[in-house]
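Reading the structure
Below are the chains, spelled out letter by letter.
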Amino acid sequence: MGIKIHAVSTGARYRNLSLWFALVAFLSLFFADIFLYQPDPWEEFGRIGWGMITPFWPDADELLMSALHTVSFALLGVAVSAALGVLLAIWFHWRIVRVFSAVIRSVHEIFWGLLFMQVFGLSALTGLLAITIPFAGIFAKVFSDIFHQQSSATVDTLSGSSRLSRFFYAWIPQAWPAMRSYIRYRFECALRSSAILGFIGLPTLGFHLETAFRQGDYSEAAAVFWVFLILIGTVRFWFYKKLLLAYLLGALFLLPEMPPVNASFVWQFFTQDLWPGSLLNGDIAGALRWYGNVLADEVGPALIQTIAITQAALVLSGVLALAWYPFASRWLVGRYYWLGRFKLLVLRSVPELMLAYLFMLLFGPSALPAIFALALHNGGLIAFLLANHSQDSCAQQRQDSPVGLARYFYQDLPQRYPAFLALLFYRWEVIMRESAMMGVLGIATLGFYVDSAFEEIRFDKAFFLILVAAALNVIVDSLSRRLRKAAGLKTPRM
Amino acid sequence: MKLRSLFAVAAGMLMSAAAAAETFTFTAIPDADESRLNARFGKVADYLSEQLGVEVKYIPVKSYPAAITAFRNDQVQLAWFGGLSGVQARALVDGSEAIAQGYEDQFFKTYIIAHTSTGIEASDELPEDIKGKTFTFGSKGSTSGRLMPEFFIRDTFNAAPDELFSRVGFSGDHSRTIAQVQSGVYQVGAVNYSVWDTEVEEGKIDTDKVKVVWTTPTYPDYQWTIRGDVDARYGEGFKEKVRDVLLNMKDEDLLASFPRKSFVPASNDDYAPIERTGKAIGLLD
């Protein structure tokens with residue numbers, strides 16, 4: 001960690017921080033499992049391209065229903081997790097609450113989904129919990145950051161009252177606009193998560209998207225993908241705040257039915273399936289040996305890959321975000337900015353696993369496709385947020401502001417840079433989580449071994465590996481918090 | 001009053017849960033073409049329902065582990081499993097039984113396919129030249145895409161795939177294995193023979209780019225597995241009835257969903273070789 005932020009000017013501090021990360025990313029490339037193959041992908045790309053422009057789905061009802069399921073899971077998931085997030089944020093000064101929040105958000109939605117699926121089957125509850133639990137942890141962290149940025153003047157007038165009253169009568173009303181805009185942003189993320197949960201079998205859009213794509217039915221995959229893109233791209237046209245309650249009730253009604261849950265099975269899952277046999281038999285030495293073997297054979301190599309891919313993808317995301325965002329800002333490129341915005345919409349909507357597959361066709365199987373996929377997706381997302389900042393701030397520009405490249409380099413970029421760094425730090429743990437997921441492509445990250453363990457019905461091993469992934473995330477999260485603090489970066493607006 | 005209505009709701013929920021338990025539910029993942037599962041297997045459900053005289057429902061799943069989980073949790077009582085997933089499922093649910101298999105599943109096989117640029121020639125033995133190439137299996141839990149090819153590879157070369165090949169991948173799907181070897185992403189792959197044959201017939205494969213270089217010996221694969229407690233829950237002789245109904249499924253439209261010519265009787269013992277193989281390569285404990 002030997003990163004030291006010297007007492008120098010703000011600009012130099014940002015520059016040094018950026019250079020340190022670039023250096024680490026460069027070194028990571030030597031550790032990542034990178035190899036360049038020369039496949040012959042053009043026939044397959046031809047099919048994919050043709051599919052994209054000839055979308056086709058034989059059964060409109062089926063597609064509509066999975067779109068509605070996608071929205072239902074996302075809506076209910078965000079509603080419940082935002083409420084839980086507020087509660088957690090109120091007591092965020094307690095270390096136990098902070099650690100709890102960090103742990104629950106450190107496990108990827110897909111892993112939560114896979115765990116709950118063992119207990120609740122392919123049910124509405126599995127989907128809701130898989131979104132609600134990590135999102136509650138994320139809301140807790142961001143809401144707490146937002147509270148900290150509020151002026152304390154209002155709160156001081158309530159000094160005699162309880163913590164709860166201070167929050168509900170002073171902090172929350174004051175922070176509400178920032179909270180609301182964050183909830184809105186999270187809703188888009190929830191739509192993506194909800195769709196992705198289809199990959200493991202929940203009846204959302206991802207279910208059909210994954211099957212069609214995996215089997216090479218690209219016209220069908222394209223049909224699902226366009227529906228998903230339109231759904232995300234038009235949220236502000238179909239989501240009316242005033243109808244929120246009606247939407248939530250509708251979502252509850254639309255959820256897939258819930259199969260009966262066998263209580264003894266739930267008990268068995270938590271008390272037996274998750275633990276190695278030797279531990280259950282009281283053979284502590286045997287259990288330690290078991291954990292030791294998993295650590296040496298799987299966790300060790302997987303950690304190196306996971307971290308190397310993350311660091312490389314993080315810096316590449318940053319470079320791409322800076323290169324792309326001006327093209328999506330009206331003040332920097334003029335009236336064609338919508339083209340840039342559309343590109344960013346596509347990039348942040350295509351699930352990373354699919355991007356990775358496309359890159360695998362190009363470069364062959366190695367860590368390279370994973371790095372590119374993560375960078376494109378996250379770069380697209382950060383660029384979108386930066387473009388929004390740029391558009392908002394430029395509303396109050398002077399008439400003699402520079403134009404074109406000069407405006408980008410001498411005015412907009414320096415103004416955006418602190419927010420850019422802060423966003424990148426926020427994305428760090430997300431990229432880490434997602435790079436662990438890339439393992440399902442066959443690149444030996446933590447996710448690869450988790451996936452194998454589930455496939456071999458070895459829940460004890462899957463659970464242990466998920467805990468390791470979670471611990472890694474908690475470390476990155478706390479490192480990111482320290483670095484942000486040291487660099488004096490504020491919570492960015494989403 | 002409030003409490004009473006709460007009780008009424010609770011009682012109603014219990015009753016609907018009891019009623020739901022009467023429904024006989026099954027799942028199936030075909031080895032090829034997973035599109036429109038609901039529509040295709042909905043028809044199979046209708047047929048079973050008509051023949052068995054109970055309500056039958058189909059639920060679609062994404063993967064073998066998901067099917068096994070659903071079977072173990074009693075979310076489904078009947079499942080169309082692959083060879084390995086059937087063994088795994090039966091180990092988890094006491095008294096469960098393999099009752100029928102596809103006609104083709106009595107002598108299933110795997111093709112080892114290679115990109116033509118590798119210069120590997122078709123042969124009766126597993127070609128020596130596949131060493132050092134990049135290699136992809138299908139799904140990690142697949143019998144024809146993983147278990148059996150891995151077994152024969154280890155058996156021939158006395159080494160694990162990681163040691164033999166320069167890179168080992170899991171494409172996740174037979175069609176994708178073919179697409180990946182054809183586009184040269186991997187040089188060699190293992191694929192379910194029936195998926196390959198079908199795709200060749202449909203003209204989906206460019207045989208100038210990818211070809212079969214070896215065929216494994218035969219082994220038993222897909223089968224219908226049923227939970228042991230169905231007689232107690234759906235009436236005496238229910239298991240036999242399900243078996244008969246499956247064996248008598250003659251409608252080609254229904255059989256095409258699997259896709260199989262017909263179903264023939266099977267027993268747990270038929271899958272002993274699969275279990276031994278699974279243990280031999282460490283996929284089963």
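Please read all numbers here as calculations on a predicted model, not as lab measurements.

**Some words on the interface of chain B and chain A**
On the chain A side, the residues contacting the 37 residues of chain B number 36 residues. Counting residues per element, the ones that place at least two in the side of chain B that touches chain A are helix 1 (2–22), helix 2 (37–52), helix 3 (64–72), strand 7 (167–170) and helix 7 (174–182) of chain B. Here the side of chain B that touches chain A takes five residues from helix 3 of chain B, the largest share from any one element. Among the residues making up the side of chain B that touches chain A, the classes are represented as 15 nonpolar, 13 polar and nine charged.

**Description of the nonpolar core**
Taken as a class, soluble globular proteins show a tendency for nonpolar side chains to be buried jointly. A:Val224, A:Ile371, A:Ala383, A:Leu465, B:Ala67 and B:Ala79 are the most contacted members of the largest nonpolar core, which has 215 residues in total. Among the elements that make up this core, the one with the highest residue count is helix 19 (residues 367–394) of chain A (16 residues). Excluding residues that lie within four positions of it along the chain, A:Leu465 makes contacts with A:Glu298, A:Val299, A:Leu446, A:Tyr449, A:Val450 and A:Ala453.

**Notes on unusual backbone geometry**
Residues and elements named next belong to chain B. Here the amide bond leading from Phe258 into Pro259 is cis, since omega sits at -25 degrees, within 30 degrees of zero. Its identity as a non-glycine residue notwithstanding, Arg36 has a phi of 45 degrees, on the positive side. Considering the arrangement of structural elements, one finds Arg36 in the loop between strand 1 (24–28) and helix 2.

**Re the sheet that holds strand 11 (residues 263–265) of chain B**
All names here are of chain B. The strand order across the open sheet built from six strands is 2-1-3-10-4-11, with neighbouring strands paired in mixed fashion. The open sheet has two edge strands, strand 2 (56–58) and strand 11, and neither has a second partner. Neighbouring strand axes in the sheet, compared pairwise and without regard to direction, differ in orientation by 25 degrees on average. Examined bridge by bridge, strand 4 (residues 97–102) and strand 10 (residues 223–226) share four bridges and lie antiparallel to one another. The residue of strand 10 that forms the bridge with Glu97 is Ile226.

**Describing the domain arrangement of chain A**
Residue and element names in this part refer to chain A. In terms of domains, chain A is made up of domain 1 (19–54 + 276–494) and domain 2 (57–273). Each of domain 1 and domain 2 has a C-alpha centre, and these two points are 20 Å apart. Residue assignment for the side of domain 1 that touches domain 2 shows that the elements contributing at least two residues are helix 2 (42–53), helix 17 (337–349), helix 20 (404–437), helix 21 (446–455) and helix 22 (459–486). Per element, the largest residue contribution to the side of domain 1 that touches domain 2 is seven residues, and it comes from helix 22. Grouping the constituent residues of the side of domain 1 that touches domain 2 by class yields 17 nonpolar, five polar and six charged.

**Thoughts on the sheet that holds strand 9 (residues 210–215) of chain B**
Residues and elements named next belong to chain B. Read across the open sheet, the five strands follow the order 7-6-8-5-9; overall the sheet is mixed. Of all the strands in the sheet, the pair left with one neighbour each is strand 7 and strand 9. Geometrically, the sheet is characterised by an average inter-axis angle of 30 degrees between neighbouring strands, direction not taken into account. For strand 5 (residues 110–115) and strand 9, the ladder comprises five bridges, and the chain directions are antiparallel. Note on strand 9: the bridge partner recorded for Ile112 is Trp214. Contacting strand 5, strand 6 (134–137), strand 8 (188–192) and strand 9, helix 7 runs over the sheet at an angle of about 155 degrees to strand 8. Across the sheet, helix 8 (residues 193–201) lies against strand 5, strand 8 and strand 9, angled at about 95 degrees from strand 8, the strand it touches most.

**Some words on the environment of A:Val333**
Residue and element names in this part refer to chain A. Secondary-structure assignment places Val333 in helix 16 (residues 330–333). On a C-alpha basis, the gap between Val333 and Tyr408 in space is 9.9 Å, while along the polypeptide they are 75 residues apart. Setting aside chain neighbours within four positions, we find Val333 in contact with Pro326, Phe327 and Gly340.

**Quick look at helix 5 (residues 143–157) of chain B**
Residue and element names in this part refer to chain B. The end-to-end C-alpha separation of helix 5 is 20 Å, in line with the 21 Å expected for 15 residues at 1.5 Å each. The axis of helix 5 is deflected most strongly, by about 25 degrees, at Pro149. Every buried residue of helix 5 is accounted for by Thr143, Ser144, Gly145, Arg146, Leu147, Met148, Pro149, Glu150, Phe151 and Ile153. Phi turns positive, to about 60 degrees, at Asn158, one or two residues after helix 5.

Rules and cut-offs
- Residues numbered from 1 in each chain as written.
- Chains lettered and ligands numbered in written order.
- Predicted model: local features only at pLDDT ≥ 70, side-chain atom pairs only at ≥ 80, totals over all residues.
- Contact = placed C-beta atoms within 7 Å.
- Helix = DSSP H or I, 4+ residues; strand = E, 2+ residues; numbered from the N terminus.
- Nonpolar A, V, L, I, M, F, W, Y, C, P; charged D, E, K, R; others polar.
- Core = buried A, V, L, I, M, F, W, Y, C linked by C-beta atoms within 7 Å.
- Buried ≥ 20, exposed ≤ 12 C-beta atoms within 10 Å, placed from the backbone.
- Pairing = 2+ DSSP bridges.
- Axes fitted to C-alpha atoms, helices over the stretch in contact; angles between N-to-C directions.
- Domains from an automatic or database assignment.
- Expected span 1.5 Å × (residues − 1).
- Bend = angle between axes of the 7 residues up to and from the residue.

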